[in-house]
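Survey of secondary and tertiary structure
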Amino acid sequence: MIELLFLLFAAVAVGSAINVLVQKHVLYSSLSLIVLLTAISALFILLQAEFLAVINVIVYAGAIMVLFVFVIMLLNLPADEDGADRLRWLKLIGIPMGLFLLLMVARTVWRVEGTAAAPDLAGTPQAIGASLFTDYLLPFELTSLLILIALMGAVVFAKKEL
Amino acid sequence: MIEYLTSRDFLILFAKMIVIFGGVMGALAYATLLERRLMAFVQMRPGPNRVGPFGLLQPIADGLKFLFKEQTVPGNANVFLYYAAPILSMIPALLSFSVIPFGPDLKIADINVSLLLIFAITSLGVYGIVLGGWASNSKYPLMGAMRSSAQMLSYELSLTLSVVGVLMIANTLSLTNLVQSQQGTWFGFIPRWNVFLQPVGFIVYFLSGIAETNRLPFDLAESEQELVAGWHTEYSGMKFAMFFLAEYANMVTVSALAAIMFLGGWNGPMFGPWWLQMALPTIWFVSKIVVFLFIYMLVRATIPRIRYDQLMHFGWKVLLPLALANILVTSFIVAIL
């Protein structure tokens, strides 16, 4: 049952990820991205990390992607037609980068021995909160600083004269 | 898998699904009648009273009308998204009922982050509105959709932050545990409801809840005087009915969450024979939801719509600071006690 569900949601995730890239219209790309995020949340639930799954949907699918779609609608962007030319050099760089990524994934898969069962409490809000405020306190605070800087930047851009 | 589908556990679960889904769908249909009759009462007119006794068959007549209406699609509309939008707003609206506990045993799923799950599901509901407005390829729907996405993003923040105080007091994210944490009374007569501990959180929650469900006085996305009908101007028949039902389902969800988090959920006085004791928790819970629905409808019937800039001002400069201050004060008190 779990394996079937995993295959189903993994297929949806991979399919929608490819669809993000091949769609010409940017709105369809962002809609596929929403499907991708939801499918990844389903995979998190299968790993018994309900908290991560739910936060993933709230933050990315429910807030950030709404902003994306909002901006796309506001600007009423047309379908991308001559975008391929601009990306010529990036495409050339993309091939070795993709190969490198594939290599890293293969190496990780190779190293894993058997399937380690996830500990029962790993995905609970308590466990995540505790590790966030002990082991990962510095990255956490740095991230909040980064977000604060981004906020201040947005205010400066929005109000030219403060 | 076949074994599981014929097991006793699954059959009980299936029966619960049918009871909750059927009950909710029936209640939604009659909520529309309640709203029309109540608004008519406030505005001193009779309201729909012709179909059946007291107009009780009106929802069925409406449903039949919606079913048999001609399916129209505006020219130049994006057909795929135009059809997908009502479905996208209906599914999240109904999905939240899968984790709402209607009684100690009357619940479909019980997971330990059920409150956050509901927030996640309802935050996806905005896509139905946004895509419906965009896919219609028409000016009023687009205006309504853009207003709605900005409004829902702004008010979702205060909605989510307003419940943090309750969560800190109850120390759980599970709706079942939230209800259980409010059992009993203070001094023998005041129920241990969170509304007495978190009055500010409750007010912020309820106001942002009205804005989240796009109801008057915050229904800027729909505002029929300026935008015809906002994002669903181009919709008719069953597709319009789905938007309509989704709005009512969201109202019920917000009311149910308010009852669970602030008014003790299914807690209430228990008395009578065993069969009444079985039914009483669900009756208490449903009557608390109905009280909230009444308030929703009376607010709609009495308070005029506010302006768009007032809406944004209220959300960002009044509700959000209030919610943040509430969290700050509550965390201090929780830490000291």
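Residues numbered from 1 in each chain as written. Chains lettered and ligands numbered in written order. Predicted model: local features only at pLDDT ≥ 70, side-chain atom pairs only at ≥ 80, totals over all residues. Heavy atoms only, no water.

**Let's talk about the overall build of chain B**
Regarding its fold elements, chain B presents 15 helices and two strands. Seen through its principal axes, chain B has C-alpha atoms that stretch 60 × 50 × 50 Å. A buried classification covers 50% of the 337 residues belonging to chain B. Sequence separation of at least 24 residues holds for 76% of the intrachain contacts in chain B that already meet a minimum separation of 6. (Helix = DSSP H or I, 4+ residues; strand = E, 2+ residues; numbered from the N terminus. Buried < 20%, exposed > 50% of the residue type's maximum accessible area, 1.4 Å probe, protein only. Contact = heavy atoms within 4.5 Å.)

**Some remarks on the interface of chain A and chain B**
Contacts between chain A and chain B engage 25 residues on the former and 24 residues on the latter. Both sides together, the interface formed by chain A and chain B hides about 2,100 Å², and carbon and sulfur atoms give 81% of it. Taken as a group, Val54(A), Val66(A) and Met73(A) account for 25% of the area that chain A buries against chain B, more than any other trio of residues on that side. Linking chain A with chain B are zero salt bridges, by the criterion used here. On inspection of chain A and its partner chain B, the count reaches three residue pairs in polar contact (both at pLDDT 80 or more). Residue assignment for the side of chain A that touches chain B shows that the elements contributing at least two residues are helix H2 (26-46) and helix H3 (50-75) of chain A. The biggest single contributor to the side of chain A that touches chain B is H3(A), with 16 residues. (Buried area = accessible area lost by both parts, 1.4 Å probe. Salt bridge = Lys/Arg side-chain N within 4 Å of Asp/Glu carboxyl O. Polar contact = N/O pair within 3.5 Å; in protein donor to acceptor, adjacent residues only side chain to side chain.)

**Here we look at the packing of aromatic side chains**
Residue and element names in this part refer to chain B. All chains considered together, the criterion is met by 18 aromatic pairs over all chains. Seen from their ring centres, Phe97 and Phe102 are 6.5 Å apart, and the 25° between their planes marks the pair as stacked. Across the pair, exposure class does not vary: Phe97 and Phe102 are buried alike. Pairwise contacts between aromatic rings join Phe202, Tyr205, Phe206, Phe262, Phe292 and Tyr296 into one cluster. One Lys or Arg, Lys65, reaches over the ring of Phe66 and ends 5.7 Å from the middle of that ring. (Phe/Tyr/Trp six-rings, centres within 6.5 Å; stacked < 30°, edge-to-face > 60°. Lys NZ or Arg CZ within 6 Å of the ring centre and 35° of its normal.)

**As for helix H11 (residues 199-212) of chain B**
Residue pairs three or four apart in sequence face the same way in an α-helix, which turns once every 3.6 residues. Residue and element names in this part refer to chain B. Given a rise of 1.5 Å per residue, 14 residues ought to cover 20 Å, and the 20 Å separating the end C-alpha atoms of H11 matches this to within 8%. Most of H11 sits inside the fold, with 10 of its 14 residues counted as buried. Along H11, the residues classified as buried are Gly201, Phe202, Val204, Tyr205, Phe206, Ser208, Gly209, Ile210, Ala211 and Glu212. In this fold, the buried residues of H11 make contact with helix H7 (139-162), helix H10 (194-197), helix H13 (237-262), helix H14 (274-302) and helix H15 (308-336). Residue Asn214 follows H11 closely and has a positive phi angle near 60°. (Expected span 1.5 Å × (residues − 1).)

**As for the environment of Thr185(B)**
All names here are of chain B. Among the secondary structure elements, Thr185 is positioned in strand E1 (residues 185-186). For Thr185, a relative accessible area of 39% gives the class partly exposed. Between the C-alpha atoms of Thr185 and Arg215, which are 30 residues apart in sequence, the distance is 34 Å. In this structure Thr185 touches Ile190, Pro191 and Arg192, once residues within four positions along its chain are discounted.

**Observations regarding the domain arrangement of chain A**
Domain boundaries in chain A define domain 1 (1-80), domain 2 (82-112) and domain 3 (123-162). Each of domain 1 of chain A and domain 2 of chain A has a C-alpha centre, and the two are 21 Å apart. (Domains from an automatic or database assignment.)

**Overview of H13(B)**
All names here are of chain B. Its 26 residues give H13 an end-to-end C-alpha distance of 37 Å, which sits within 8% of 38 Å, the value for a rise of 1.5 Å per residue. Counting buried residues in H13 gives 21 out of 26 residues, a clear majority hidden from the surface. Phi turns positive, to about 80°, at Gly264, one or two residues after H13.

**A short note on the nonpolar core**
Residue and element names in this part refer to chain B. Counting 100 residues, the largest nonpolar core has Phe97, Tyr205, Met261 and Phe285 as its most contacted members. Looking at this core element by element, the count peaks at 15 residues for H13. Sequence-distant contacts of Phe285, that is, excluding residues within four places in its chain, are made with Ile100, Pro101, Phe102, Ala256, Ala259, Ile260, Gly265 and Trp266. (Core = buried A, V, L, I, M, F, W, Y, C linked by side-chain atoms within 4.5 Å.)

**Comments concerning the side chain of Ser149(B)**
Structurally, Ser149(B) can be placed in helix H7. Once you skip the residues sitting within four places of it in the chain, Ser149(B) turns out to touch Val66(A), Phe70(A), Val126(B) and Val130(B).

**Focus on the packing of helix H2 (residues 8-42) of chain B against helix H3 (residues 58-68) of chain B**
Packed helix pairs are specified by the crossing angle of their axes together with the interaxial distance, meaning the distance between the axes. All names here are of chain B. In the contact formed by H2 and H3, the axes pass within 9 Å of each other and the chain directions differ by 115°. On the basis of the axis angle, H2 is roughly perpendicular to H3. In this structure, H2 meets H3 at a crossing whose hand is right-handed. Here Ala29, Tyr30, Leu33 and Arg36 of H2 lie close against H3, whose contacting residues are Gln58, Pro59, Ile60 and Asp62. Considering only residue class, the contact of H2 with H3 consists of five nonpolar, one polar and two charged. (Axes fitted to C-alpha atoms, helices over the stretch in contact; angles between N-to-C directions. Parallel < 35°, antiparallel > 145°, perpendicular 65-115°, else oblique. Left-handed = near helix turned anticlockwise from the far one by under 90°. Nonpolar A, V, L, I, M, F, W, Y, C, P; charged D, E, K, R; others polar.)

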